[in-house]
Amino acid sequence: MLVLVLDSSTPAVTAALVEVTAEGVTARAQRRTVDARAHGELLAPQVDAVLAEVGARPADLAAIVAGLGPGPFTGLRVGLVTAATMAQVLGVPAYGVCSLDGIGHPAAAGEPVLAASDARRREVYWAVYDGAGQRIAGPDVDTPVVAARRARDLGVTAAVGDGAHRYAEVFDLPLRAEPRYPDPVVLAALAAERIRSGAPGDPLTPLYLRRPDAVAATARKPVLP
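These lines cover the structure that appears in this document, whether it is placed above or below. None of these values were measured; they are calculated from a predicted model.

## Re the sheet that holds strand β10 (residues 175-176)
Strands sit in the order β8-β7-β6-β9-β10 across an open sheet of five strands; the sheet is mixed. Two strands in the sheet have a free side with no partner beyond their single neighbour: β8 (135-142) and β10. Summarising the sheet, strand β6 (residues 113-120) and strand β7 (residues 123-129) pair through seven bridges and their orientation is antiparallel. Across the sheet, the residue bridging to A115 is A127, located in β7. Most of the contacts of helix α4 (residues 144-153) go to β7, to which it runs at about 10 degrees, and overall it touches β6, β7 and β8.

## Details of the side chain of S9
Within the secondary structure, S9 is located in the loop between β1 (2-7) and β2 (12-20). The residues contacting S9, other than those within four sequence positions of it, are G69, P70, G71, P72, L76, S99 and P182.

## Observations regarding the packing of helix α1 (residues 39-53) against helix α2 (residues 73-90)
At their nearest, the axes of α1 and α2 sit 9 Å apart, and the two run at 35 degrees to each other. For the crossing formed where α1 meets α2, the hand is right-handed. In contact with H39, G40, L43 and V47 of α1, α2 contributes G75, V78, G79, T82 and M86. Counted by class, the contact of α1 with α2 contains four nonpolar, five polar and no charged residues.

How each quantity is defined
- Residues numbered from 1 in each chain as written.
- Predicted model: local features only at pLDDT ≥ 70, side-chain atom pairs only at ≥ 80, totals over all residues.
- Heavy atoms only, no water.
- Pairing = 2+ DSSP bridges.
- Helix = DSSP H or I, 4+ residues; strand = E, 2+ residues; numbered from the N terminus.
- Contact = heavy atoms within 4.5 Å.
- Axes fitted to C-alpha atoms, helices over the stretch in contact; angles between N-to-C directions.
- Left-handed = near helix turned anticlockwise from the far one by under 90°.
- Nonpolar A, V, L, I, M, F, W, Y, C, P; charged D, E, K, R; others polar.

Structure representation (structure tokens):
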């Protein structure tokens, strides 16, 4: 089954095509551009590019997998709206996966690991994974100092992800070089059982973890002096 994977939860805008079979998940094509200000401009052309690379059409897709975040509001919603719209138009299921799982799950390698992405405002989105790659804490958003303290309490021995690199001195943990951003093949693998079984699609609820900056006014302002 040909599956489209989208993630826009980090500065890395990612579109990939994978093939899901009974044996596993295989990458077919991928485009990734790191640009925190151009999610809306980049994602659709990348989808076109990966489809063209393998000679496929949107109608050939069996499912769509989307990274749910956590991530900043503007960038994250680009990927989720794209995934939800394509799924509805094509009549295929869309499955959501926590984006940090695409960083922490493959990096665990037998020991607890902290996965962190940049949340801006001098904060990180973070989660902790046990030695088998299962998430045991998070996702959450905190200052690097708080995230580092929580990680130490959970016995973490390494850190991974762009946020971990950005605040390496604060975390003071050995750094895993990769994955720096959510791995689309891993996101697809984490949804593979749902894809193979034809499970109903998910509502793709975003993990913003913060209230939006813009809020509705609580009272009307006078227009006359």
